[in-house]
Amino acid sequence: MSALRRLLRAAEDWIFPQEAGCMVCGRALVPESGSGLCMTCAALLEEQAIEQEKAEREERRPPAEGLAYVRAAYPYDGVARRLVLGLKFEGMREAAELLAETMAGLRAGGEELVVPVPTTRRRLRERGYNQAALLAQAVARRRGLPCAQALTREDSRAAQTTLPASGREKNVKGCMRAGECVRGRRILLVDDVYTTGSTAREAARALREAGAESIGALVAARTQIGGRGLPEFLRRSFPLTKKRGQKRADSDKEPRKL
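Conventions we followed
- Residues numbered from 1 in each chain as written.
- Predicted model: local features only at pLDDT ≥ 70, side-chain atom pairs only at ≥ 80, totals over all residues.
- Heavy atoms only, no water.
- Helix = DSSP H or I, 4+ residues; strand = E, 2+ residues; numbered from the N terminus.
- Buried < 20%, exposed > 50% of the residue type's maximum accessible area, 1.4 Å probe, protein only.
- Contact = heavy atoms within 4.5 Å.
- Pairing = 2+ DSSP bridges.
- Axes fitted to C-alpha atoms, helices over the stretch in contact; angles between N-to-C directions.
- Parallel < 35°, antiparallel > 145°, perpendicular 65-115°, else oblique.
- Left-handed = near helix turned anticlockwise from the far one by under 90°.
- Nonpolar A, V, L, I, M, F, W, Y, C, P; charged D, E, K, R; others polar.

*Asks:* Got a minute to help me understand the overall build of the protein chain in this structure?
*Replies:* Looking only at helices and strands, one finds nine helices and six strands in the protein chain. In the protein chain, which comprises 258 residues, the proportion classed as buried is 46%. Long-range pairs, those at least 24 residues apart, make up 80% of the contacts in the protein chain with a sequence separation of at least 6.

*Asks:* It is not clear to me how the sheet that holds strand E6 (residues 214-222) should be interpreted in this structure. Could you clarify?
*Replies:* Hydrogen bonds between backbone groups are what pair the strands of a sheet, and the pairing can be parallel or antiparallel. The four strands lie next to each other as E1-E6-E5-E2, forming an open sheet whose pairing is parallel. Of all the strands in the sheet, just strand E1 (70-75) and strand E2 (113-116) have a single pairing partner and so form its edges. The mean inter-strand angle of the sheet, taken between neighbouring strand axes irrespective of direction, is 20°. Examined bridge by bridge, E2 and strand E5 (residues 186-194) share four bridges and lie parallel to one another. The residue of E5 that forms the bridge with leucine 113 is isoleucine 187. Packing against the sheet, helix H2 (residues 39-58) makes contact with E1 and E6, and its axis sits at approximately 145° to E1.

*Asks:* What's the story with the environment of leucine 29 in this structure? I'm lost.
*Replies:* If you trace the backbone, leucine 29 turns up in the loop between helix H1 (3-15) and H2. On the basis of relative accessible area, leucine 29 is assigned to the partly exposed category, the value being 24%. A C-alpha to C-alpha distance of 8.3 Å links leucine 29 and methionine 39, two positions ten residues apart in sequence. Ignoring sequence-local partners within four residues, the contact set of leucine 29 consists of Ala20, Gly21, Cys22, Gly36, Leu37 and Cys38.

*Asks:* What should I look at first to understand the packing of helix H3 (residues 78-89) against helix H4 (residues 94-103) in this one?
*Replies:* The axes of two packed helices give the description: the angle between them and the distance between them. Axis separation between H3 and H4 bottoms out at 8 Å; the angle between their running directions is 140°. With respect to H4, the axis of H3 lies oblique. In this structure, H3 meets H4 at a crossing whose hand is left-handed. Contacts between H3 and H4 involve Leu83, Val84 and Leu87 from the first element and Ala95, Ala96, Leu98 and Leu99 from the second. Along the lines of polarity and charge, the residues of the contact of H3 with H4 split into seven nonpolar, no polar and no charged.

Everything listed is a geometric property; what it means functionally is a separate question.
Here it is in structure tokens:
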């Protein structure tokens, strides 16, 4: 999105303010709601956090190579999935604060520096922000840690979401570089979704080559086999908060895989 378009949209929102609604289902919020979610969606999201906490305790799969651990706040389905998609494709930046609230409370390993998984310069121009950076900044603020965008990523690779799982690792191999600020430090890597681990492996490689002492990862959501998806009433009503001019198909795209 161009800077002019963002300015025009901000002006339109100021001149024609819309009634506040739930970020997920669009229902009107009660005055005391501070999360941006209606009571139903907030309860569903809390249930998902409990579900993921249990899954993390029972997790037996090793993390991606180069990572000490991977921990997720939510499973990638239901309300959490809609928040991630809204954050990534619909300009719903406030979703980063909500997701980061749970992410910041996850058990970590004494890291010293929070680093977001990078996006390409092209996607940054298109969206106006990197959703992983918004999550990382919010997590860092809550944990009292510094945050640095220490990783960069090449523009010339295919989007991970266009590739089968077998091609994702090859696609991202060698695409990232890390700055000197990570040398000798314990890194907390942050992204929106963890699926195959291919992007996480590449980020860990770049960080280690730059001298990072250790790397752990926090993500907003992690894909699960056989996820339950959205309740029927949310499938019918979402997205009522879609931004003007945004194509409906955007909300069905998958987020970048970590």
